[in-house]
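Examination of the molecular architecture
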Amino acid sequence: MAFLAVDTLIAERLRPERQQLSRDVTIFALSAAVMFLHFHSAEGIMLDQRGSVIAIATLFGGPLMGLFVTIEIACIRAAMGGIAVYAGVAGVIADFIACTAVARLTGARVLGRPVPFFSILATGVAAGVTEALSLLLVPPRDEAVGLLLKYGVDLFGVQVVATCMFGWLLTMQLERRAGRRAQSMIDLEELALSHGLVSSQVEFTLKFALDGRILDANQAYARRSGYSLEELSRMNLTSLKVMVPGDNVRDLFARIRAAGKTTYETRHRTRTGEIWPLEVTAVYDDVGDYVLAFVRDITERKEAERHLAEKSADLRQALEQTIDALASALVYRDLASEGHAHRVRDLAVRIGETLGLDRDRIEGLRLAATVQNVGQIQTPAEILNRPRALGPEEMDLIRLHPAAGHAILRDIHFPWPIADITLQHHENFDGSGYPSGLAGDEILLDARIIRVADSVAAMMAHRPFRRAHDRDYAVAELRRHAGGLYDPAVADACLRLLVDEHYDFPPTPKRAAP
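Note that this is a predicted model, so its numbers are computed, not measured. (Residues numbered from 1 in each chain as written. Predicted model: local features only at pLDDT ≥ 70, side-chain atom pairs only at ≥ 80, totals over all residues. Heavy atoms only, no water.)

Turning to its location among the elements, alanine 453 is positioned in helix α18 (residues 445–459). For the pair alanine 453 and aspartate 346, spaced 107 residues apart in the sequence, the C-alpha separation amounts to 8.6 Å. Setting aside anything within four residues of it in sequence, one finds alanine 453 in contact with Val344, Leu347, Ala348 and Ile351. (Helix = DSSP H or I, 4+ residues; strand = E, 2+ residues; numbered from the N terminus. Contact = heavy atoms within 4.5 Å.)

Laid out in structure tokens, this is it:
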């Protein structure tokens, strides 16, 4: 987060050619800070995010920047000393070699451009693997395997999650800058129109009779369309305009005459068949009883809009992949919950559809349901996997995960309140939930839906300390606690799915081997 803040405050104020240099300097400075923000284990092992820093430096700064950061981190680690100094330095060198190789193989080579999410994920995995395997070099060698088993999975997960989240956020930053550059052209055009600056922006001019006949045109339009002025004078608007069902030229000119002036978008066809988008400002001249059309070619603007739409779709896909990566990282710590997020997500989406939520709201609900338990990444794995009911103190630790999840997600600018939904997904409708004791409409509807879906999915799944309950049990619990633990409207929607539509959870996707 600190890196992005510095990048926003400094790099965005520089010329494009200097932004990469500013970013490299910032990465170099912050990589040193990461080395001092480590966890020191009882065995004298330093656990930190150095692998993810090298991965980010290599992906977004290039191999040379990755090498500089590697040398810096290796020197700092050597200066810190300790029994694991050799393993630490060797791990840093291995991180750089692995990250450079994976970045090159996955095509992440153009500086200053967004990096494909697959490259970010693959490089994060490479950093995680090398960091975990470096534990085998820690003396004494007969205890190294024990260290790998104890810390390897967590160390791997931290590198992968940090690289994915950091890389995705930096990619969003680069995409946002590219989008602003494309959007600025559109905004300037709209501003000119809002101030009536038509004549200074117009490229083409046509003069029409009210029946659509072309009375005159300027040379620029003739050149662009491929027709001579004489040919145009014998043509009608219907010969140029790309007609769609319902189009009527006489009705169009009647509306222009009634309004006096109007602006609209259309498409014309050239002599060669090329279709080009246009923006037309049409003005009715009541003295001459004709229509003047001031026309601009908006091909570049439409291309910019298409580019922005494609990038928005790419960002949405990257967002979903990041959410899935966070959820997958949690599965490795809590094997008993494998498939739980998948089931909660499916049921929450079905409940949202039953309640009539719009498509965009359901998309946010789906992502929130996937990442609802991300805060459990801070909960000790032995508690998550304990094969018995948890005691009061253990439950107190479990109840910290909504706030922890909120802390992880709050600085990510989602299009939906994902962090707040995560914070509230264990609040009860009657105010008896945690962590804030919210009640009724104080709780976001999305969180109320996930509360029900989470409970039903948990009831009907095997846990380490009990067998799965059947559908009848879940239905009875929903009816018993509607208006108490659960929003009655949400509970009713879920009951309709379970009872009337005989809803079944989808099969759990197979998890790839680590």
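What follows deals with helix α3 (residues 50–80). In this model α3 runs just 14 Å from its N-terminal to its C-terminal C-alpha over 31 residues, more than 12% under the 45 Å that 1.5 Å per residue would give. Its maximal kink placed at glycine 61, α3 deviates by approximately 145°, while the proline proline 63 follows within four residues. Trailing α3 by a residue or two, glycine 81 shows a phi angle of about 70°, which is positive. (Expected span 1.5 Å × (residues − 1). Bend = angle between axes of the 7 residues up to and from the residue.)

The interhelical angle for the contact between α3 and helix α5 (residues 117–133), taken along N-to-C directions, is 145°, at an axis separation of 9 Å. At the point where α3 passes α5, the crossing takes the right-handed sense. Of α5, the residues touching α3 (which contributes Arg50, Gly51, Ser52, Ala55, Leu59 and Phe60) are Ser119, Ile120, Thr123, Ala127 and Glu131. Residue classes in the contact of α3 with α5 are distributed as five nonpolar, four polar and two charged. (Axes fitted to C-alpha atoms, helices over the stretch in contact; angles between N-to-C directions. Left-handed = near helix turned anticlockwise from the far one by under 90°. Nonpolar A, V, L, I, M, F, W, Y, C, P; charged D, E, K, R; others polar.)

Let us look at the nonpolar core. Most often, soluble globular proteins have nonpolar side chains that are buried together. Counting residues in hydrophobic clusters, the biggest one holds 48 residues, and the most contacted among them are Leu347, Ile351, Val456 and Leu478. At the level of elements, α6 (144–194), α12 (340–354), α13 (359–371), α17 (418–424), α18, α19 (471–481) and α20 (488–500) are the ones that each hand at least two residues to this core. It is α18 that provides the largest number of residues to this core, a total of eight residues. Excluding its chain neighbours within four sequence positions, the residues that come into contact with valine 456 are Leu347, Ala474, Leu478, Cys494, Leu498 and Phe505. Core analysis: the second largest hydrophobic core is formed by 24 residues, Leu232, Phe253, Leu278 and Ala293 among them. (Core = buried A, V, L, I, M, F, W, Y, C linked by side-chain atoms within 4.5 Å. Buried < 20%, exposed > 50% of the residue type's maximum accessible area, 1.4 Å probe, protein only.)

Attention shifts here to the side chain of histidine 425. Summarising the element assignment, histidine 425 is placed in the loop between α17 and α18. Residue classification places histidine 425 among the buried positions, given a relative accessible area of 0%. A polar atom in the side chain of histidine 425 sits 3.3 Å from the side chain of asparagine 373. A polar contact of 3.5 Å, which involves the side chain of histidine 425, links it to the side chain of histidine 401. (Polar contact = N/O pair within 3.5 Å; in protein donor to acceptor, adjacent residues only side chain to side chain.)

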